[in-house]
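Given next are the chains, with one letter for each unit.
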Amino acid sequence: MSNFNLKGRSLLTWLDWEPDEIRYLLKLSRKVKKEQQEGKIKKRFKGKTVALLFEKRSTRTRCAFETAIGEEGGHPVFLSTADIQLGSKETVEDTARVLGRMFSGIQFRGFKQSTVETLAKYSGVPVWNGLTDSFHPTQVLADIMTLEEEFGDVRGKKLVFSGDGRNNVARSLIIICSKLGVNISIITPGELNPDSALIEKCTPFARKSGAVITVSPDTDEVKGAHAIYTDVWASMGEEDKKEGRVKLLTPYRVNSALMQKTGLKNTIFLHCLPAIRDEEVSTDVIDGPESRVWDEAENRKHTIKAIMIATLGLGKNS
Ligand code: CP
Ligand code: NVA
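Residues numbered from 1 in each chain as written. Chains lettered and ligands numbered in written order. Predicted model: local features only at pLDDT ≥ 70, side-chain atom pairs only at ≥ 80, totals over all residues. Heavy atoms only, no water.

**Let's talk about the site of ligand 2**
Right, on to step 1. Around ligand 2, the neighbouring residues are Leu131, His136, Asn167, Asn168, Asp231, Val232, Ser235, Met236 and Leu273.
Right, on to step 2. Contact between ligand 2 and Asn168: a nitrogen atom at 2.8 Å from a side-chain N or O atom of the residue.
Right, on to step 3. The backbone of Met236 places a nitrogen or oxygen atom 2.8 Å from an oxygen atom of ligand 2.
Right, on to step 4. Taken by itself ligand 2 offers 270 Å² of open surface, and the protein chains cover 95% of this.
Right, on to step 5. The site holding ligand 2 turns out to be the largest pocket. (Near = heavy atom within 4 Å. Polar contact = N/O pair within 3.5 Å; in protein donor to acceptor, adjacent residues only side chain to side chain. Areas by Shrake-Rupley, 256 points an atom, 1.4 Å probe, with all protein chains shown as cover. 1 Å grid on protein atoms, 1.4 Å probe; cavity = no way out; pocket = protein on both sides within 12 Å on 5 of 7 lines; lining within 4 Å. Sits in = over half its atoms within 2 Å of the grid points.)

Here it is, written out as structure tokens:
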């Protein structure tokens, strides 16, 4: 496999990653998935210890990191902010310096994007963003992997995100799709449009890759969609906004009528999970034949493993 030297890189958002680097991670993800399916797992993380910092709850991201590290012979250390000094008694900078002396890499899930950026700046080891209020980059790599498993080459395919267009998942989808040539449409009421600064940043990526970025309140925009994606209407930390969101987003619920509106027979349904059934997605769709959410969740592990292998510099001969 052609190699990119990604040793020492952090993944904070996909904004500073080249499309070929992202495609290399996808290729490595497919390879480690196949290895696992064939029971031929290597011990690439032997002797490596990774810190997993969580300010917010997690099932998939935590388990993806822990199982990926564990099965390749490494040791994950789960640290919730209820247990450590991060940002309360000690500055983020000082915590970063200390963790960087002890761990090979650091995963952070929490509120502020500036925290994960500070950890990367001061720790001296690769830092992986496992979700902040602003971005969820590891998630969308698994989403693209799932799309590739279904359609092969994803260039020119259309992904529609229906829901809260300004949330971390929607914003990360805009970045990765614009880099990889996937047409991305965000359908959302105007109040929840993704910020124009992000769209401006991604427009040159889209121009280069041939992707089209669309933001629209019109659900007819699902026409021709190869995938319809949704996420919870109120993200972690926004629980007080729930009532207003239900009012705004009910017309954007993904149900069988919306799935059929694509006009394609092979449209798939994606969701980062956790899902609130019969809120942002109807139960018949998430449990239906078009749903790929369990593959998507499994792919979190393979993509996270690939990200760690590459950025810890263990990708030689991978
Ligand atoms: N999709 C996702 O990040 O799930 P968790 O919140 O369970 O980690
Ligand atoms: N937007 C959601 C994603 C959960 C994986 C949240 O931030 O809660």
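On we go.
**Here's the deal with the nonpolar core**
Right, on to step 1. Judged by nonpolar contacts, the single largest core of 55 residues is most densely connected at Trp14, Leu25, Ile144, Leu147, Leu159, Ile176 and Met308.
Right, on to step 2. Those residues in contact with Met308 that lie beyond four places of it in its chain are Phe45, Phe65, Ala68, Ile69 and Trp128.
Right, on to step 3. Residues Val160, Tyr252, Val254 and Ile286 belong to the second largest nonpolar core, which totals 18 residues. (Core = buried A, V, L, I, M, F, W, Y, C linked by side-chain atoms within 4.5 Å. Buried < 20%, exposed > 50% of the residue type's maximum accessible area, 1.4 Å probe, protein only. Contact = heavy atoms within 4.5 Å.)

**Some remarks on the site of ligand 1**
Right, on to step 1. Neighbouring ligand 1 are Ser58, Thr59, Arg60, Thr61, Arg109, His136, Gln139, Cys272, Leu273 and Arg300.
Right, on to step 2. Take Ser58: an N or O atom from its side chain is 2.6 Å from an oxygen atom of ligand 1.
Right, on to step 3. A distance of 2.8 Å separates an oxygen atom of ligand 1 from a polar atom in the side chain of Arg109.
Right, on to step 4. Relative to its unbound accessible surface of 260 Å², ligand 1 loses 96% to contact with the protein.
Right, on to step 5. Judged by its atoms lying within 2 Å of the grid points, ligand 1 is housed in the largest pocket.
Right, on to step 6. A per-class count over the shell around ligand 1 returns two nonpolar, five polar and three charged. (Nonpolar A, V, L, I, M, F, W, Y, C, P; charged D, E, K, R; others polar.)

**A closer look at helix α4 (residues 113-123)**
Right, on to step 1. Listed as buried for α4 are Gln113, Thr115, Val116, Thr118, Leu119 and Ser123.
Right, on to step 2. In the core, the buried residues of α4 are packed alongside β1 (49-54), α3 (92-102), β3 (105-109) and β4 (127-129). (Helix = DSSP H or I, 4+ residues; strand = E, 2+ residues; numbered from the N terminus.)

**Focus: helix α2 (residues 60-71)**
Right, on to step 1. For α2, spanning twelve residues, the distance from its first C-alpha to its last is 16 Å, which sits close to the expected 16 Å at 1.5 Å a residue.
Right, on to step 2. When α2 is considered as a whole, its buried residues turn out to be Thr61, Ala64, Phe65, Ala68, Ile69 and Glu71.
Right, on to step 3. The elements touched by buried residues of α2 are α1 (19-37), β1, β2 (75-80), β3, β4 and α11 (293-311). (Expected span 1.5 Å × (residues − 1).)

**Considerations on the sheet that holds β4**
Right, on to step 1. On the basis of which strands lie adjacent, the open sheet formed by four strands has the order β2-β1-β3-β4 and parallel pairing. A single partner strand is all that each edge strand has here, and the edge strands are β2 and β4. Each adjacent strand pair in this sheet contributes to an overall mean axis angle of 20°, direction not counted.
Right, on to step 2. Both β3 and β4 contribute to a ladder of three bridges, which runs parallel. Residue pairing for β4: Phe108 is matched across the bridge by Asn129. (Pairing = 2+ DSSP bridges. Axes fitted to C-alpha atoms, helices over the stretch in contact; angles between N-to-C directions.)

Purely geometric stuff here, so don't read any function into it on its own.
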